[in-house]
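Given next are the chains, with one letter for each unit.
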Amino acid sequence: MAEIAVLGYGTVGSGVVEALWANQYNIDRKASQPIRVKYVFDVREFGAPIDKLLTHNIDDIIYDNDVRVVVEAMGGVEPAYAYVKEMLSRGKSVCTSNKELVAKHGAELLTLARDMNINFLFEASVGGGIPIIRPLNSSLAADEITEISGILNGTTNYILTKMTKENGDFNECLQAARQMGYAERDPSADIEGFDSCRKLAILVSLAIGKQVDFENIGTEGISRLTQRDVAYANELGGTLKLLATAKIDGPGVYARVSPVILRGGHPLAFVNDVYNAIYIKGKIIGEVMFYGRGAGKFPTASAVIADVVDAVKNLNRNIMHFWSTEKHEILPYGALKTDRLVRIGTNDAGKICQTLNTVDNVTFIKLFGDEIAAVIPDAANDAYERIVHSLAATGGDGRVISRTAIEGE
Ligand code: NDP
Ligand code: HSE
């Protein structure tokens, strides 16, 4: 029998325990032995049946040699990092859904697990219930990956879908996503794009085998988008999505997270609600897509339990590829040319239109109240920012309301 502990009994942790109990027969069969939860660790109190497993003292788990696998679902970097390191150093495999922890310390924790001949597994850290870490670790391991593009955040995709299809109000949609357990404890991680950015850093680090610091990935979220952006996306024949993209060209890795208008039947344009999708291009395999629920109690629990089964089956064998702690520089994605939409607040529409007339190829000029929207085609970030700056300086009122890239024909 394998005895496990679950750290954090919130959305994910409770999903893991409930799903383990509900599907005990099948899970035990797949693990070739019974898996039983011995401890639940949390700051909070819970009634029956969790009260019998509950501890508030992490040492109960650290010093229990019968516990060989630990699920970490508390979230945040500390104290999760200290606890996970301690568990691994004591020969306990760890399965986590905590992308903040993996993006920041994944390389070090993978190395520690490898040195201890155990496992640090994190399938649920990217894409919720979508299997993506395993394919990168095994099926795609032989390939040279050249692109990773994805909708990597369930909360923002849920909000954008509701805004697009139901005219939803941003804050009400965010509130609904929080109630459904999709959002982070601090939802600015979702809406400002940091959660997608950390997930992209994990995927790229695994793909290239080196540490990509998420802090170096240019990141813009969706908090500035309004129904106007939805309307412009519609008029431009596209759909608004928060896209995390990395292009890998030998040693050159370009990455960004940004709102994008996807046009012309782009496959990611059809990914709605809490669903996520990850598109990967490799030199050998060509294109592959992974699709599924990107957040929520049971989809995420299913990914964590898959890790628990692997950890139990490989108690004394390291199965993960690791990425080294050697840092790999990220190049600004803005160096690549693309069409871009900008909304600028104006107090002198005539003047701003005159300035726009001096800019080559500007299209889709819309005046609406005290703002103007324009598409600046085929621009790299520097050129685009120069144009935005000159527009804002001559007829603008100092507000750049939103910036959105446009992809597809
Ligand atoms: P929750 O906030 O729902 O659950 C976390 C639980 O851990 C809470 O009960 C919390 O108690 C407890 N906890 C936090 N810190 C400590 C501590 N220091 N000591 C003891 N208990 C602690 O979070 P989620 O379940 O939503 O998320 C957990 C992790 O999984 C996060 O890293 C998240 O990003 C990730 N994740 C979440 C998904 C989702 O859909 N929700 C999907 C994929 C990954 P208290 O509330 O009192 O602080
Ligand atoms: N807050 C995250 C999301 C949870 O909405 O995608 C899953 O990682």
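Calculation rules
Residues numbered from 1 in each chain as written. Chains lettered and ligands numbered in written order. Predicted model: local features only at pLDDT ≥ 70, side-chain atom pairs only at ≥ 80, totals over all residues. Heavy atoms only, no water. Near = heavy atom within 4 Å. Polar contact = N/O pair within 3.5 Å; in protein donor to acceptor, adjacent residues only side chain to side chain. Areas by Shrake-Rupley, 256 points an atom, 1.4 Å probe, with all protein chains shown as cover. 1 Å grid on protein atoms, 1.4 Å probe; cavity = no way out; pocket = protein on both sides within 12 Å on 5 of 7 lines; lining within 4 Å. Sits in = over half its atoms within 2 Å of the grid points. Phe/Tyr/Trp six-rings, centres within 6.5 Å; stacked < 30°, edge-to-face > 60°. Helix = DSSP H or I, 4+ residues; strand = E, 2+ residues; numbered from the N terminus. Lys NZ or Arg CZ within 6 Å of the ring centre and 35° of its normal. Salt bridge = Lys/Arg side-chain N within 4 Å of Asp/Glu carboxyl O. Buried < 20%, exposed > 50% of the residue type's maximum accessible area, 1.4 Å probe, protein only. Arc of directions from axis to C-beta. Pairing = 2+ DSSP bridges. Axes fitted to C-alpha atoms, helices over the stretch in contact; angles between N-to-C directions. Parallel < 35°, antiparallel > 145°, perpendicular 65-115°, else oblique. Left-handed = near helix turned anticlockwise from the far one by under 90°. Contact = heavy atoms within 4.5 Å. Nonpolar A, V, L, I, M, F, W, Y, C, P; charged D, E, K, R; others polar.

**Examining the site of ligand 1**
Neighbouring residues of ligand 1: 23 residues in total, closest Asp-42, Arg-44, Ser-97, Glu-184 and Gly-296. Measuring from an oxygen atom of ligand 1, one finds a side-chain N or O atom of Lys-99 at 3.0 Å. Within the side chain of Glu-184, an N or O atom sits 2.7 Å from an oxygen atom of ligand 1. Notes on ligand 1: free accessible area 890 Å², of which the protein chains cover 82%. Applying the majority rule of atoms within 2 Å of the grid points places ligand 1 in the largest pocket.

**Topic: the packing of aromatic side chains**
Working definition: an aromatic ring pair is given by the centre-to-centre distance plus the angle between the planes. Inspection of the entire model under this criterion finds 7 aromatic pairs. Note on Phe-41 and Tyr-83: the rings are 5.7 Å apart at their centroids and 85 degrees apart in plane angle, and the pair reads as edge-to-face. Here the residue Phe-41 occupies a position in strand 2 (residues 35–41), and Tyr-83 occupies one in helix 4 (residues 80–89), the gap between them amounting to 42 residues. Consider the rings of Phe-120 and Phe-122, whose centres lie 5.6 Å apart with planes at 45 degrees: the pair is tilted. One aromatic cluster is present, built from ring pairs that chain together Phe-120, Phe-122 and Trp-323. Over the face of the ring belonging to Phe-214 we find Arg-198, whose NZ or CZ atom lies 5.2 Å from the ring centre. The residue whose ring lies beneath Arg-340 is Tyr-384, and the NZ or CZ to ring-centre distance is 5.1 Å.

**Some words on the pattern of salt bridges**
For the structure shown, the criterion picks out 28 salt bridges. We note a salt bridge from Lys-38 to Asp-64, for which the minimum N-O separation is 2.8 Å. Of this pair, Lys-38 sits in strand 2 while Asp-64 is found in the loop between helix 3 (59–62) and strand 4 (67–72), placing the two residues 26 residues apart along the sequence. A single network of salt bridges, built from pairs that share partners, joins Glu-3, Lys-38, Asp-64 and Asp-66.

**As for helix 11 (residues 227–235)**
Owing to its 3.6 residues per turn, the α-helix brings residues three or four apart onto one side. Residues Asp-229, Val-230, Tyr-232 and Ala-233 constitute the buried set of helix 11. Down the axis of helix 11, the smallest arc covering the buried residues is 165 degrees, so these residues share one side. Of the residues one or two after helix 11, Gly-237 is the one with positive phi, at around 75 degrees.

**A look at the sheet that holds strand 5 (residues 93–96)**
Remark on secondary structure: sheet strands pair via backbone hydrogen bonds, oriented parallel or antiparallel. Pairing is parallel across the open sheet formed by 6 strands, whose spatial order is 3-2-1-4-5-6. The outermost strands of the open sheet, each flanked by one partner alone, are strand 3 (54–55) and strand 6 (120–121).

**A short note on the packing of helix 5 (residues 99–115) against helix 10 (residues 194–208)**
Two elements in contact, helix 5 and helix 10, have axes separated by 9 Å at closest approach and are oriented at 45 degrees. Here helix 5 lies oblique to helix 10, going by the angle between them. Between helix 5 and helix 10 lies a crossing of left-handed hand. Facing helix 5, whose interface residues are Lys-99, Glu-100, Val-102 and Ala-103, helix 10 presents Asp-195, Arg-198, Lys-199 and Ile-202. Among the residues making up the contact of helix 5 with helix 10, the classes are represented as 3 nonpolar, no polar and 5 charged.

**Examining the pairing of strand 11 (residues 275–282)**
Where burial is concerned, most of strand 11 is hidden: 6 out of the 8 residues are buried. The pairing of strand 7 (residues 145–151) with strand 11 spans 6 bridges and is classified as antiparallel. The residue of strand 11 that forms the bridge with Glu-147 is Lys-281. With 8 bridges connecting them, strand 11 and strand 12 (residues 286–293) associate as antiparallel partners.

**A look at the site of ligand 2**
By nearness alone, every residue bordering ligand 2 is listed as Lys-99, Asn-153, Gly-154, Thr-155, Tyr-182, Ala-183, Glu-184, Asp-190, Asp-195, Lys-199, Gly-294 and Ala-295. For ligand 2, a nitrogen atom lies 2.7 Å from a polar atom in the backbone of Tyr-182. At a separation of 2.7 Å, a nitrogen atom of ligand 2 approaches a polar side-chain atom of Asp-190. Every element with two or more residues in the shell around ligand 2 is listed here: helix 7 (154–166) and helix 10. When its residues are assigned to classes, the shell around ligand 2 shows 3 nonpolar, 4 polar and 5 charged.

**What to know about the environment of Gly-395**
Considering the arrangement of structural elements, one finds Gly-395 in the loop between helix 14 (381–393) and strand 17 (396–407). Looking at Gly-395, the relative accessible area reads 8%, which means it is buried. Expressed as a C-alpha distance, the spacing of Gly-395 and Asn-316, which sit 79 residues apart in the sequence, is 67 Å.

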